[in-house]
Amino acid sequence: MTVSIPPDNTGAPHAPVSASAAGPAYGETVRTPDTVPRDVRLRARHVDVFYGDKQALFDVSLDIPEKAVTSLIGPSGCGKTTFLRCVNRMNDTIEDCRVTGEITLDGQNIYDPSLDVVELRSRVGMVFQKPNPFPKSVYENVAYGPRIHGLARSRAELEDIVVASLRRAGLWEEVKDRLREPGTGLSGGQQQRLCIARAIAVSPEVILMDEPCSALDPIATAVIEELIDELRLLYTIIIVTHSMQQAARVSQRTAFFHLGRLVEEGPTEVILRHPQAKKTQDYITGRIG
Ligand SMILES: Nc1ncnc2c1ncn2[C@@H]1O[C@H](COP(=O)(O)OP(=O)(O)OP(=O)(O)O)[C@@H](O)[C@H]1O
């Protein structure tokens, strides 16, 4: 059966996608392209991840477009965080974790043994569930990365980077008189924006966010979501979220995982409003979760 997906808000129809009434056989991914193709920054191909004998991801292939937000959604334990951690090789820090397949950033294999992992992690920043500022001042939290990566030639240049990063993270006005105070003394939402400023300060290309609002109240969440919407004009963003409303608010593309497999990916409004695979439909309508 061929299913036509209704037009999105660009007015142009999506390309038809083939899917059987029962959805694809398990293991295949249903894909809906954007009406206006985006440039791809990151490519994952046939990625399997094992924790010891246990396989957590199965044959995941996914393109991540630049200057857009891609949401990873799916039930607890489906592998969202595992996939995210593959992208900056955080899984390297887990004993017994093995990654096979290929992930490229701008065409370069990030698992190439000659690749400098420290440099990779400056190109691919990460923001965690719980805000985790260093036990240092607001200023030092942001200055630390540029300093160790040698991004500033003088103290004045370093100050410029700190101020620009705090501004871009929407925090400057709130902390400009508190730069020498501990970062841990800020509110939860401010701490999370400080962590975003810290990630931005080393000029990343990609920012990974693992449920960045899960520890925040609704007002702080709204501030971070607005910030994500601004940051996507400059960065390639991947966000893990348990909230379909959040995926709808912040992301242009969404990938749905189930039991370690990438079931469906496409424009967010297609995945959330007109999912093609039965498994996605069941998740969106609350039948699995
Ligand atoms: N360090 C680890 N060691 C062993 N197994 C792990 C480890 N981290 C994750 N797993 C397992 O891998 C699978 C995928 O976990 P992952 O955390 O990626 O899922 P998730 O979709 O992000 O879940 P959640 O939404 O609950 O955060 C789960 O079965 C989990 O138990």
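Residues numbered from 1 in each chain as written. Predicted model: local features only at pLDDT ≥ 70, side-chain atom pairs only at ≥ 80, totals over all residues. Heavy atoms only, no water.

The chain is annotated in an unreviewed UniProt entry as Phosphate transport system ATP-binding protein from Pseudochelatococcus lubricantis. What UniProt records for the chain under Sequence similarities (unreviewed entry) is the sentence "Belongs to the ABC transporter superfamily." (UniProt positions renumbered as here; feature names shortened; annotations may be inferred.)

Undergrad: What's the story with the nonpolar core in this structure? I'm lost.
TA: A general feature of soluble globular proteins is that nonpolar side chains tend to end up buried together. If you look at the biggest cluster of nonpolar residues, it comprises 35 residues, and the most contacted ones within it are L166, I196, M209, I228 and I237. Among the secondary structure elements, those contributing two or more residues to this core are α3 (138-148), α4 (155-168), α5 (172-175), α6 (188-200), β10 (206-210), α7 (218-231) and β11 (236-240). Discounting chain neighbours no more than four positions away, the residues touching I228 are V69, M209, P212, I237, I239 and V250. In terms of nonpolar packing, the next biggest core, distinct from the first, is built from 31 residues, F83, L105, V240 and F257 among them. (Core = buried A, V, L, I, M, F, W, Y, C linked by side-chain atoms within 4.5 Å. Buried < 20%, exposed > 50% of the residue type's maximum accessible area, 1.4 Å probe, protein only. Helix = DSSP H or I, 4+ residues; strand = E, 2+ residues; numbered from the N terminus. Contact = heavy atoms within 4.5 Å.)

Undergrad: Whenever I open this one, the packing of α4 against α6 confuses me. Can you help?
TA: Each pair of packed helices can be described by the angle between their axes along with the distance between the axes. Relative to each other, α4 and α6 sit at 130 degrees, their axes nearing to 8 Å. Taken together, the axes of α4 and α6 lie oblique to each other. Seen along the crossing, α4 lies across α6 with a hand that is right-handed. For the pair formed by α4 and α6, the contact residues are S165, L166 and R168 on the first element and L194, A197 and I200 on the second. (Axes fitted to C-alpha atoms, helices over the stretch in contact; angles between N-to-C directions. Parallel < 35°, antiparallel > 145°, perpendicular 65-115°, else oblique. Left-handed = near helix turned anticlockwise from the far one by under 90°.)

Undergrad: Mind showing me how you'd approach the site of the ligand here?
TA: Neighbouring residues of the ligand: 14 residues in total, closest K54, S76, K80, T82 and H242. Between the ligand and H242 there is a distance of 2.8 Å, counted from an oxygen atom to a side-chain nitrogen or oxygen. In the complex, the protein chains occlude 65% of the 630 Å² of accessible area that the ligand would expose alone. Top contributing element to the shell around the ligand by residue count: helix α1 (residues 80-87), with three residues. Grouping the constituent residues of the shell around the ligand by class yields five nonpolar, six polar and three charged. (Near = heavy atom within 4 Å. Polar contact = N/O pair within 3.5 Å; in protein donor to acceptor, adjacent residues only side chain to side chain. Areas by Shrake-Rupley, 256 points an atom, 1.4 Å probe, with all protein chains shown as cover. Nonpolar A, V, L, I, M, F, W, Y, C, P; charged D, E, K, R; others polar.)

Undergrad: Would you explain the side chain of T254 in this entry?
TA: Secondary-structure assignment places T254 in strand β12 (residues 253-258). Residues contacting T254, with those up to four places away along its chain left out, are S71, I73, A247, E264, E265, G266, T268 and I271.

Undergrad: I keep staring at the confidence of the model for the chain and nothing clicks. Help me out?
TA: In low-pLDDT segments, the atomic positions of the prediction should not be examined closely. Put simply, the chain has an average pLDDT of 91, and 91% of its residues get 70 or more. Note that residues 1-24 has pLDDT below 50 and, in this model, 43 contacts with residues that lie over four places away or in other chains. (pLDDT = per-residue confidence, 0-100.)

Undergrad: Got a minute to help me understand the environment of S154 in this structure?
TA: Tracing the backbone shows S154 in the loop between α3 and α4. For S154, a relative accessible area of 36% gives the class partly exposed. Within polar-contact distance, the side chain of S154 engages the backbone nitrogen of E157 at 3.1 Å.

Undergrad: Sorry, what's going on with the pairing of strand β4 (residues 40-51) here?
TA: Each regular strand displays side chains that alternate between the two surfaces of the sheet. Bridge count for β4 against strand β5 (residues 54-65) is eight bridges, and the pairing is antiparallel. By the bridge assignment, F50 is partnered in β5 with Q55. As consecutive antiparallel partners, β4 and β5 are separated by two residues, and within that stretch G52 has a phi angle of approximately 60 degrees, a positive value. Pairing between β4 and strand β7 (residues 97-105): eight bridges, direction antiparallel. Note that in β7 the partner of R43 across the bridge is T104. (Pairing = 2+ DSSP bridges.)

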